[in-house]
Every structure is written in C-alpha cells, then in structure tokens.
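# Structural description and commentary
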Amino acid sequence: MSRTLFIRTYGCQMNAYDSARMADALAPHGFASVERPEDADLVILNTCHIREKAAEKVYSDLGRLRRLRAERAAGGRELMIGVAGCVAQAEGRALLERAPFVDLVVGPQTYHRLPELVQRRLRSSGGVIDTDFPLESKFDRLPEETAAAPGISAFLTVQEGCDKFCTFCVVPYTRGAETSRPAGHVLAEARRLVRDGAREIVLLGQNVNAYHGESPDGGNPWSLARLIEALADLAGLERIRYTTSHPLDMSPDLIDAHATVTKLMPYLHLPVQSGSDAVLKAMNRRHAVDDYRRTVAALRRARPDLALSSDFIVGFPGETDADFELTLALVDEIGFAQAFSFKYSRRPGTPGALLGRQVPEPLKRERLALLQERLDRQADAFNRATVGRRLPVLLEREGRRPGQKVGRTPYLQAVHLDAPDVPLGMVVPVELVSARAHSLAGAIRPGPAPDEAVIAAAEAVA
Ligand code: 5AD
Ligand code: SF4
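So, how was this worked out
Residues numbered from 1 in each chain as written. Chains lettered and ligands numbered in written order. Predicted model: local features only at pLDDT ≥ 70, side-chain atom pairs only at ≥ 80, totals over all residues. Heavy atoms only, no water. Helix = DSSP H or I, 4+ residues; strand = E, 2+ residues; numbered from the N terminus. Rg over C-alpha atoms; globule rule 2.2 N^0.38 Å. Buried < 20%, exposed > 50% of the residue type's maximum accessible area, 1.4 Å probe, protein only. Contact = heavy atoms within 4.5 Å. Areas by Shrake-Rupley, 256 points an atom, 1.4 Å probe, with all protein chains shown as cover. Lys, Arg positive; Asp, Glu negative; His and termini not counted. Charge placed at Lys NZ, Arg CZ, Asp CG, Glu CD. Patch = residues over 30% accessible without salt bridge, like charges linked within 9 Å, V, L, I, M, F, W, Y side chains within 5 Å. Salt bridge = Lys/Arg side-chain N within 4 Å of Asp/Glu carboxyl O. Pairing = 2+ DSSP bridges. Axes fitted to C-alpha atoms, helices over the stretch in contact; angles between N-to-C directions. Near = heavy atom within 4 Å. Polar contact = N/O pair within 3.5 Å; in protein donor to acceptor, adjacent residues only side chain to side chain. Nonpolar A, V, L, I, M, F, W, Y, C, P; charged D, E, K, R; others polar. Expected span 1.5 Å × (residues − 1). Core = buried A, V, L, I, M, F, W, Y, C linked by side-chain atoms within 4.5 Å.

### Overview of the overall build of the protein
Across its full length, the protein carries 16 helices and 21 strands. For 462 residues, the compact-globule estimate of 2.2 N^0.38 gives 23 Å, and the protein sits close to it at 23 Å. Relative to its full complement of 462 residues, the protein shows a buried share of 55%. Considering only intrachain contacts with a sequence separation of at least 6, the fraction spanning at least 24 residues in the protein is 71%. Here the protein displays about 20400 Å² of accessible surface, and carbon together with sulfur accounts for 52% of that area. In the protein, which carries 59 positive and 59 negative side-chain charges, the distance between the mean positions of the two groups comes to 4 Å.

### Thoughts on unusual backbone geometry
Only a minority of non-glycine residues have a phi that is not negative, and only a minority of peptide bonds are not trans. Here the residue pair Thr243 and Thr244 is connected by a cis peptide bond, since its omega of 5° sits within 30 degrees of zero. Considering the arrangement of structural elements, one finds Thr244 in the loop between β13 (239-243) and α10 (252-260). We note that Arg286 has phi near 65°; this positive angle belongs to a residue other than glycine. Position of Arg286 relative to the elements: it lies in the loop between α11 (277-282) and α12 (289-302). Judged by relative accessible area, which is 44%, Arg286 ranks as partly exposed. Not every positive phi belongs to a glycine, and Leu412 is a case in point at roughly 65°. Relative to the elements of secondary structure, Leu412 occurs in the loop between β18 (404-408) and β19 (414-418). Overall, the relative accessible area of 33% leaves Leu412 in the partly exposed class.

### Details of a negative patch on the surface
Negative charge collects at one region of the surface, where Glu229, Asp233, Asp253 and Asp256 lie side by side. Its location among the elements puts Asp253 in helix α10. Classification of Asp253 by relative accessible area gives partly exposed; the value is 32%.

### Brief notes about the sheet that holds strand β7 (residues 153-157)
One open sheet holds the three strands; their spatial order is β7-β10-β13, and the pairing between them is parallel. What marks the edges here is a single partner per strand, and that holds for β7 and β13. Sheet twist, expressed as the average angle between the axes of neighbouring strands with direction ignored, equals 25°. This element, helix α1 (residues 13-26), spans β7, β10 (200-204) and β13 of the sheet and lies at about 90° to β7.

### What to know about the sheet that holds strand β6 (residues 128-130)
In space, the six strands of this open sheet follow the order β2-β1-β3-β4-β5-β6, with parallel pairing throughout. If you trace the sheet from one side to the other, it starts and ends with β2 (31-33) and β6, each paired once. Between one strand axis and the next, the sheet turns by 20° as a mean value, whatever way the strands run. Direction of pairing for strand β1 (residues 3-9) relative to strand β3 (residues 42-47): parallel, over a ladder of five bridges. In the strand pairing of β3, Phe6 is matched with Val43.

### A look at the site of ligand 1
In the vicinity of ligand 1, the contacting residues are Ile50, Arg51, Phe168, Gln273, Asp311, Ile313, Phe342, Lys343, Tyr344, Ser345 and Arg347. Contact distances for ligand 1 include 2.9 Å between a nitrogen atom and a backbone N or O atom of Phe168. Measuring from a nitrogen atom of ligand 1, one finds a backbone N or O atom of Ser345 at 2.8 Å. Bound to the protein, ligand 1 loses 87% of the 400 Å² it would expose on its own. Listing elements by their share of the shell around ligand 1, those giving two or more residues are β15 (307-314) and β16 (338-343). Residue composition of the shell around ligand 1, by class: five nonpolar, two polar and four charged.

### Details of α1
Over its 14 residues, α1 extends 20 Å from the first C-alpha to the last, a length consistent with the 20 Å expected when each residue adds 1.5 Å. With 11 of 14 residues buried, α1 is to be regarded as a mostly interior element. Three or more residues of α1 are buried, namely Met14, Asn15, Tyr17, Asp18, Ser19, Arg21, Met22, Ala23, Asp24, Ala25 and Leu26.

### Re the pattern of salt bridges
Across all of its chains, the model carries 36 salt bridges by this definition. For Asp61, the salt bridge goes to Arg8, with nearest N and O atoms at 3.3 Å. With a gap of 53 residues between them, Asp61 in helix α2 (residues 52-75) and Arg8 in strand β1 connect regions that are remote in the sequence. The exposure class assigned to Asp61 is buried, which follows from its relative accessible area of 6%. A residue is classified by how much of its surface remains accessible, and Arg8, at 31% relative accessible area, is partly exposed. The closest approach of N and O atoms between Asp196 and Arg195, which form a salt bridge, is 2.9 Å. Judged by relative accessible area, Asp196 falls into the partly exposed class, the value being 30%. One salt-bridge network, in which partners are shared between bridges, spans Asp18, Lys138, Glu160 and Arg175.

### Re the site of ligand 2
Every residue close to ligand 2 is listed here: Cys162, Lys164, Phe165, Cys166, Phe168, Cys169, Val171, Pro172, His246 and Arg285. Grouping the constituent residues of the shell around ligand 2 by class yields seven nonpolar, one polar and two charged.

### Notes on the nonpolar core
Counting 56 residues, the largest nonpolar core has Leu203, Leu224, Leu227, Ile228, Leu231 and Tyr242 as its most contacted members. Examining the composition of this core, we find that seven residues originate from one element, helix α9 (residues 224-232), more than from any other. In this structure, Leu227 is in contact with Val158, Ala183, Val186, Leu187, Leu203, Tyr211 and Trp222, ignoring residues within four places of it in sequence. With 24 residues, the next largest nonpolar core counts Ala40, Leu45, Ala88 and Leu95 among its residues.

Right, dumping it as structure tokens:
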C-alpha cells in the first residue's frame with residue numbers, strides 16, 4: 001500500500017539521525033516521505049525533552065495536527081499522528097492522557113518497531129505505546145539501506161545514552177544507559193554513507209567520547225580514537241567530526257588523534273556548563289574548572305589551530321553572582337568560536353529540580369543576556385579573524401544564485417562562494433573575503449594544499 005509520511009524533528013542532531021532512520025524503517029512498508037504535514041497520512045513529531053520550552057512545544061504542534069485531522073475528515077482522508085523521541089519516552093501514557101487523539105507513542109529505543117505499531121493502531125480503538133528499553137538493539141533491526149541518500153555531511157550514531165547523571169539533565173532517563181554500537185557495524189554504515197555520496201561523517205552520541213564499541217576481531221573494545229583512525233582510512237571520506245563530548249572522557253588517545261588524523265576537523269564541541277567549581281560540583285559534572293583548562297591546553301598542543309564550542313547553563317540552583325562572574329571569566333580566558341547557552345530549566349525527575357536556592361527567572365534572564373552577549377562577540381571576532389585566510393571548504397549544497405555554492409570551513413562556518421564548475425562534495429581552497437552575522441563569503445584561491453595552509457596560518461597566529 002502506498003502511503004505518505006512527514007516527520008518533524010526537534011532538538012539535537014541525534015534526533016535528526018533518528019528521524020531519517022524512522023523513515024528507513026517505514027519505507028519498506030510503503031511510506032514515502034513528503035515535505036509538508038498537509039500531504040501526509042502519518043505525521044510523526046520527533047520530540048525533545050531537554051528543556052521545558054522544547055517539551056511544551058510538542059503540545060502546541062499537536063493542537064495544530066488535531067485541527068488538520070478535523071479538516072481532513074471532511075474530505076474522507078485519515079491522518080495518523082505519532083509522537084516519538086524523548087517526550088514520548090518521558091511521558092508515555094501521560095502523553096496519551098493529555099492528548100488522547102494521538103495514535104502512536106514511541107520512544108527512542110523502539111522506533112524500529114514503528115511498522116508493527118502502525119498495524120497495532122489500525123486494529124485497536126485507542127492510541128498505542130511502545131517506550132520499552134528492549135534487549136534487542138534497534139540498530140540490528142533497522143534496514144541497512146536508507147530511504148533517502150545522505151547529505152554531503154552525514155550523521156552516524158555510534159553511542160547512545162548516558163551514565164553521568166548530571167543533576168540538571170533528563171538524558172540518562174530518556175535515552176537510557178550508555179551503550180556503544182559495535183565498531184564493525186559503525187564501519188559498515190560509514191562505508192555505505194560514503195558509497196552513497198557522504199564526504200563528511202559526524203559521529204554522534206550523547207557522550208560520544210565515552211565510546212567503547214565491540215572490536216570487529218573480538219579483541220579489546222575500540223575507543224573513539226581507534227574508531228576515528230579506522231574511519232580515516234576510508235577512501236572518499238574527507239572529514240570526520242564527533243559530538244557531544246564530556247570533558248572527563250577526553251582521553252589521551254583521543255587528544256592524540258587530533259594531532260595525527262588529518263581528516264579529523266580542528267573543531268570540537270566540549271560543553272563546560274559553568275566556570276565555577278561549586279556549580280560544577282552541584283551539577284555533578286565530576287570535574288573542576290582547572291581540569292577543563294588542562295584538557296583544552298592539551299588539545300591545543302595537539303592541534304594548534306583547534307577551535308572550541310561549548311554549552312553553558314546559567315541560573316543553576318545555588319549559582320551566585322560570583323559563580324556567574326567565574327563563568328564570564330572562563331569564557332574570556334578560553335575563547336570560544338561558537339557556543340550555546342541556556343537558562344536552567346527545572347526538569348521533573350532530575351535531582352536539580354529538588355534543590356533549594358532555585359534562581360529567580362528574572363535573574364536567569366539577566367545572566368543569560370550577559371553571557372550571550374559575550375559569546376556572540378567572541379563568535380563574531382572568530383569569524384572576522386578568519387577573513388583574509390585561505391581555508392579548505394567542503395561544498396555541501398547549491399546556493400540561491402546560479403553558480404553559487406555553500407560549503408563549510410573546518411570550523412563549521414558556512415561560506416557562500418561562486419563555484420559553477422565544481423561539483424558538490426569537493427573540498428576547495430577558499431579565501432574568506434567578508435563575514436556576515438551567520439555566514440561568510442569566499443572565493444576559490446588555488447595554492448598549497450589546504451591542510452598545509454591551515455596549519456601554516458595557525459602557526460603564524462601562535
Ligand atoms: N536546563 C537548561 N539547559 C540544559 N541542558 C541540558 N539540560 C538542561 C536543563 N535542565 C543543556 C546543557 C547541555 C545541552 C545539550 O543542553 O548545556 O549540554
Ligand atoms: Fe546529560 Fe550530563 Fe549525560 Fe551530557 S553528560 S547527556 S549533560 S547527564
């Protein structure tokens with residue numbers, strides 16, 4: 001039977017990966033993806049529970065879908081509504097109580113069962129739920145072939161879940177215990193992605209650098225560094241990235257990989273959350289600010305041109321003005337090319353929600369504005385400092401104007417350039433000529449190999 005599917009993705013890159021895999025699971029059952037919910041027989045919201053705002057958004061979207069279904073009913077066409085992802089996992093049956101018109105509720109570890117769930121829903125009179133943490137791994141049950149070709153830059157989940165239990169975070173509850181996919185499976189998926197056109201692979205995990213996957217030859221488990229080294233041998237793969245990392249798991253072999261694996265991009269997302277030891281302790285981050293400084297210094301020794309991005313939370317319970325000042329000082333000291341900052345959001349079921357000394361909302365707002373202003377200034381300065389430099393740019397998509405393409409520098413900066421005769425997927429040497437708020441303009445300038453040019457430029461600055 002031919003049917004249509006629309007998936008709306010909220011939240012992190014892992015949800016983006018999961019949405020693509022849900023489409024893969026449903027494709028053999030006749031579901032073809034469409035661009036708009038209005039055209040779909042099945043609409044799935046793949047949700048995020050990390051902060052209250054993200055979680056609440058689902059309900060307003062569901063309200064819209066309910067109206068769409070009512071309009072549809074007049075024309076005799078049905079609409080099935082599914083909720084997947086971390087809100088589905090966290091709320092389960094409560095979600096069906098609050099939104100009884102939902103047909104399917106499926107967690108992040110069971111979406112390989114979507115085709116069965118659709119069948120079950122067709123036979124039952126109410127919504128169906130599957131939020132198990134099953135023994136089988138979804139990765140072993142999903143089809144190998146993907147329904148849509150990967151982009152030039154493709155996500156690949158290698159690790160999931162988390163055992164760190166930071167006191168603010170829902171991930172250990174929604175995604176479950178930390179697990180790594182066997183290295184052989186990851187390599188096979190990477191080979192298929194490259195075969196189908198990917199030139200960059202972004203290895204994903206909630207705690208990706210805690211990766212310890214079964215070895216293909218039955219030996220000791222592979223670390224993330226070992227996995228990256230093996231991926232670097234894939235012909236046709238130009239770039240490797242990984243996200244998100246915990247500072248505690250930045251092991252010496254992974255830091256070394258930044259020195260030795262040229263395909264590993266000199267850009268790292270390494271969340272620190274706060275610049276205050278007291279706050280880090282209350283957050284159960286299990287490291288001090290000095291540990292972070294030392295890790296960054298080691299990374300910069302390994303790869304002098306490395307740029308960093310980070311996550312910050314302001315207004316964690318007990319955070320004083322002095323603690324917050326320490327965060328601002330750390331930002332000045334380290335220097336970030338990019339960063340994400342959030343007001344602390346009290347999440348049900350996490351230890352942080354029960355702590356006293358919750359910070360009032362207006363104070364959180366004030367601190368967030370101050371921090372964001374400083375981080376924006378740094379990001380802007382970073383972009384402006386790359387103007388005039390020649391960087392290797394991976395061409396990822398067509399631009400708006402004819403002949404224009406959009407690519408990315410090693411630092412994930414989007415660059416617009418004229419390259420009518422160069423195919424997508426090529427890495428070209430580009431001189432950055434101007435910086436705008438969220439993108440740069442560049443021009444192709446041949447010269448010495450881009451990698452050498454990057455290192456030479458970094459050494460000139462150091
Ligand atoms: N409140 C605010 N921010 C949070 N994050 C995770 N949980 C919360 C919360 N309860 C942020 C952290 C994390 C990023 C993915 O989201 O900074 O690194
Ligand atoms: Fe959440 Fe902390 Fe685990 Fe990251 S390390 S997913 S912030 S519990």
